[in-house]
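# Reading the structure
Take a look at the letters that make up each chain.
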Amino acid sequence: MTVQGEPAEQQWVDDHAGPVVRPYAVTRGRARPVTGTFDLISLVTATRADVTPEVGLGPEHLAIVGLCQRVQSVAEIAAHLDLPVGTIRVLLGDLVARNLVQVREPRTTAGLPDNSVFEAVINGLRAL
């Protein structure tokens, strides 16, 4: 018996998914992507419809490419694959480096009006 009274052979098995793989094993111990930073709302699109397994690409990479045949945010990818966002960022870095996905970062707030415009709108609404 081991932790929580489970036999050793059952300790790392999930009832629905099978053997549990730690996120650092999926990324081969990497904590940062090889390229990019990938905001939670960055939009990801696959650049190819079919991807054959290549050296260095795991099933999670292929799942991301399959999922991103339609535009998905980084947060959505993490939710669909049930992986931490940090792990998804590392995997996306691999895919961007191989030109298998395209990532569009969110626009910065530099083009938005300053707070005085919003305050004027609020004051105008209050006057109604």
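I will try to describe carefully the structure that is included in this document. Nothing here was measured: the structure is a model prediction, and the numbers come from that model. (Residues numbered from 1 in each chain as written. Predicted model: local features only at pLDDT ≥ 70, side-chain atom pairs only at ≥ 80, totals over all residues. Heavy atoms only, no water.)

Along its length, the protein carries 5 helices and 5 strands. The secondary structure elements of the protein, listed N-terminal to C-terminal, are β-β-α-β-α-β-α-α-β-α. A burial count over the protein gives 23% of its 128 residues as buried. Considering only contacts within the protein whose residues lie at least 6 apart along the sequence, 67% involve residues at least 24 apart. Carbon and sulfur atoms make up 56% of the accessible area of the protein, which totals about 8900 Å². (Helix = DSSP H or I, 4+ residues; strand = E, 2+ residues; numbered from the N terminus. Buried < 20%, exposed > 50% of the residue type's maximum accessible area, 1.4 Å probe, protein only. Contact = heavy atoms within 4.5 Å. Areas by Shrake-Rupley, 256 points an atom, 1.4 Å probe, with all protein chains shown as cover.)

Right, let's talk about the packing of helix α2 (residues 59-67) against helix α4 (residues 85-97) for a bit. Close contact between α2 and α4 brings their axes to 10 Å; oriented N to C, the two are set at 80°. By the angle class used here, α2 and α4 are roughly perpendicular. Together, E60, H61, I64 and V65 of α2 and I88, L91, L92, D94 and L95 of α4 make up the contact between the two elements. Considered class by class, the residues forming the contact of α2 with α4 number 6 nonpolar, 1 polar and 2 charged. (Axes fitted to C-alpha atoms, helices over the stretch in contact; angles between N-to-C directions. Parallel < 35°, antiparallel > 145°, perpendicular 65-115°, else oblique. Nonpolar A, V, L, I, M, F, W, Y, C, P; charged D, E, K, R; others polar.)

This next bit is on the nonpolar core. For soluble globular proteins, nonpolar side chains are generally found buried alongside one another. Counting 19 residues, the largest nonpolar core has V44, I64, V65, I77, I88, L92 and L95 as the members making the most contacts within it. Elements with a minimum of two residues in this core: β3 (43-46), α2, α3 (74-81) and α4. Among the elements that take part in this core, α4 stands out by supplying 4 residues, more than any other. Those residues within four positions of I77 in sequence are excluded, and the remaining contacts are V44, I64, L67, C68, Q72, I88 and L92. (Core = buried A, V, L, I, M, F, W, Y, C linked by side-chain atoms within 4.5 Å.)

If you check the backbone angles, F38 has positive phi at about 60° while not being a glycine. Among the structural elements, F38 can be located in the loop between α1 (23-26) and β3. Residue class for F38 comes out buried when judged on its relative accessible area of 3%. At N99, a position not held by glycine, the phi torsion is positive, near 60°. For N99, the position within the fold is in the loop between α4 and β5 (101-104).

On to a nonpolar patch on the surface. Together, V117, V121, L125 and L128 line one region of the surface with nonpolar side chains, adding up to about 430 Å² of accessible area. With respect to the helices and strands, the residue V121 is situated in helix α5 (residues 115-127). (Patch = residues over 30% accessible without salt bridge, like charges linked within 9 Å, V, L, I, M, F, W, Y side chains within 5 Å. Salt bridge = Lys/Arg side-chain N within 4 Å of Asp/Glu carboxyl O.)

The next thing to look at is α4. Taking 1.5 Å of rise per residue, 13 residues should cover 18 Å, and α4 covers 18 Å from first to last C-alpha, within 8% of that figure. Buried residues of α4: T87, I88, V90, L91, L92, G93, D94 and L95, and no others. Phi turns positive, to about 60°, at N99, one or two residues after α4. (Expected span 1.5 Å × (residues − 1).)

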